[in-house]
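Chains, contacts and geometry: an overview
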Amino acid sequence: MSRRSILLLKNLARSTTGSGSGFQTRSVTYMPRPGDGAPRPVTLIPGDGIGPLVTNAVEQVMEAMHAPVYFEKYDIHGDMMKVPQEVLDSIRKNKVCLKGGLKTPVGGGVNSLNVQLRKELDLYASLVNCFNLPGLPTRHENVDIVVIRENTEGEYSGLEHEVVPGVVESLKVITKFCSERIAKYAFEYAYLNNRKKVTAVHKANIMKLADGLFLESCREVAKKYPSITYNEIIVDNCCMQLVSKPEQFDVMVTPNLYGNLVANTAAGIAGGTGVMPGGNVGAEHAVFEQGASAGNVGKDKIVQQKKANPVALLLSSAMMLRHLQFPSFADRLETAVERVISEGKYRTKDLGGDSTTQEVVDAVIANLD
């Protein structure tokens, strides 16, 4: 659920009680059912590069909050040939996973473990929320974009072969089933989170059949949501509009490759990939991780200096808490992170400061209500 919708819920559900001459207000965001507070197991994959640093940050904050989750940790790395079966079994059992970045080798014969996870668990929707954080200076204001990306096909299908030496054929696969499924997810998300507009991103002027099918599916689904404005934009124009007037976008739904590019562009506009949360979800399972992946797992120097930015994964873990139906813990975590960013005393290098990961974590813990 987006920050904006949480604020809306707070305003709608605010109760006021008189106490003498003053008033005390409390926000009600969730009414638990008996047993809802039982601790939930979560599969944890620290990953490569900055991954262990930022996942450890989440572990510390969860412990400080006494959040009702506990982690089952698995040490896997991006240079492995495949995701170990025990890891997949753990995610299938727990339904929820938190992960750091897994390095994807460039070229060669090793497939991306990130893509393997999405396909094995049918995590068909990637969601990245790109928004301005109070106190963090950016070129644009009023940015609050949700990029919803089809996660299982397109150019990521992995269907490549060398026809003859020096000629490689790579197949882009678009199906009506997957296109309709991601369109429904985007419109449902918009409807449930009080979003007003869904924009489909495409290149149907060139890929008339493939992206044409994607657009056709989006149009069919849009008819079922008359209260939500629907429009379409060609991906190259989309990038230009993003960097010139990003506040015009609300929810964006995209095929696989375009979504990766659009999400990273939107993240850069709103404050950088180090502060944007995200998750990959399917009908049964969810994997939460840093929303935008530019720079992948980070530079070695950042790891050595222990100055990785933990904000994106902390906010992703707040999304995870809300997914697990622990909204009060999610609110506390998001509020603490926003206070630290707003105060500006503890920021990592990518946000204009010189703090270590641990200094940011300590500041977040100190700001927990």
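Residues numbered from 1 in each chain as written. Predicted model: local features only at pLDDT ≥ 70, side-chain atom pairs only at ≥ 80, totals over all residues. Heavy atoms only, no water.

In terms of regular secondary structure, the chain is built from twelve helices and 14 strands. Put simply, the chain shows about 17400 Å² of open surface, and 54% of that area lies on carbon and sulfur atoms. (Helix = DSSP H or I, 4+ residues; strand = E, 2+ residues; numbered from the N terminus. Areas by Shrake-Rupley, 256 points an atom, 1.4 Å probe, with all protein chains shown as cover.)

Here we come to helix α11 (residues 327-343). End to end, α11 covers 24 Å across 17 residues, agreeing with the expected 24 Å (1.5 Å per residue, within 8%). Buried within α11 we find P327, F329, A330, D331, L333, E334, A336, V337, V340 and I341. (Expected span 1.5 Å × (residues − 1). Buried < 20%, exposed > 50% of the residue type's maximum accessible area, 1.4 Å probe, protein only.)

This paragraph deals with the side chain of E334. Inspection of the secondary structure puts E334 in helix α11. Setting aside anything within four residues of it in sequence, one finds E334 in contact with L315, A318 and R322. (Contact = heavy atoms within 4.5 Å.)

Glancing now at the environment of N151. Mapped onto the elements of the fold, N151 is located in the loop between β7 (144-150) and β8 (154-164). A residue is classified by how much of its surface remains accessible, and N151, at 2% relative accessible area, is buried. As for N151 and L123, which are separated by 28 residues in sequence, their C-alpha atoms are 6.7 Å apart. Non-local contacts of N151, meaning those with residues more than four positions away in its chain, are made with R118, L123, Y124, A125, S126, N256 and N280. Among the polar contacts made by the side chain of N151, one reaches the main-chain carbonyl oxygen of L123 at a distance of 3.1 Å. (Polar contact = N/O pair within 3.5 Å; in protein donor to acceptor, adjacent residues only side chain to side chain.)

What follows covers the nonpolar core. Judged by nonpolar contacts, the single largest core of 91 residues is most densely connected at M62, M65, L321, L333 and V364. Of all hydrophobic cores here, the second largest spans 14 residues; its members include I45, V87, C97 and L117. (Core = buried A, V, L, I, M, F, W, Y, C linked by side-chain atoms within 4.5 Å.)

Where charged atoms of side chains with opposite charge meet at close range, the side chains can pair. A complete count under the given rule lists 18 salt bridges for this structure. Between E120 and R92 there is a salt bridge; the shortest N-O distance is 3.5 Å. A residue pair is termed long-range when its members are at least 10 positions apart, and E120 in helix α4 (residues 113-120) and R92 in helix α3 (residues 85-94) qualify at 28 residues. With a relative accessible area of 47%, E120 lands in the partly exposed category. (Salt bridge = Lys/Arg side-chain N within 4 Å of Asp/Glu carboxyl O.)

Another aspect to go through is the environment of L313. Structurally, L313 is set in helix α10 (residues 311-323). Judged by relative accessible area, L313 falls into the buried class, the value being 3%. Sequence spacing of L313 and V275 is 38 residues, and the spatial spacing of their C-alpha atoms is 7.8 Å. In this structure L313 touches V54, T55, V58, L98, K99, E289 and Q290, once residues within four positions along its chain are discounted.

A word on a nonpolar patch on the surface. Nonpolar side chains collect at one region of the surface, where V163, V164 and V167 lie side by side and expose about 230 Å² of accessible area between them. Structurally, V167 is set in strand β9 (residues 167-173). According to the relative accessible area criterion, V167 is partly exposed, its value standing at 40%. (Patch = residues over 30% accessible without salt bridge, like charges linked within 9 Å, V, L, I, M, F, W, Y side chains within 5 Å.)

Turning to the sheet that holds β7, a few remarks are in order. Spatially, β4-β3-β5-β14-β13-β6-β7-β12-β10-β11 is the arrangement adopted by the ten strands of the open sheet, whose pairing is mixed. Unpaired on one side and paired on the other, β4 (69-73) and β11 (229-234) mark the two borders of the sheet. Between one strand axis and the next, the sheet turns by 25° as a mean value, whatever way the strands run. Bridging between β7 and strand β12 (residues 251-254) involves four bridges; their strand directions are parallel. Following the sheet pairing, R149 is matched in β12 by T254. (Pairing = 2+ DSSP bridges. Axes fitted to C-alpha atoms, helices over the stretch in contact; angles between N-to-C directions.)

With that out of the way, let us pick up the packing of aromatic side chains. For the coordinates displayed, the defined rule picks out four aromatic pairs. Relative to Y230, the ring of F187 lies with its centre 6.0 Å away and its plane at 45°, an arrangement referred to as tilted. Here F187, found in helix α5 (residues 176-192), pairs with Y230, found in strand β11; they are 43 residues apart in sequence, far enough to count as distant. What makes Y230 partly exposed here is its relative accessible area of 21%. By way of ring pairs, the aromatic residues F187, Y225 and Y230 are connected into one cluster. (Phe/Tyr/Trp six-rings, centres within 6.5 Å; stacked < 30°, edge-to-face > 60°.)

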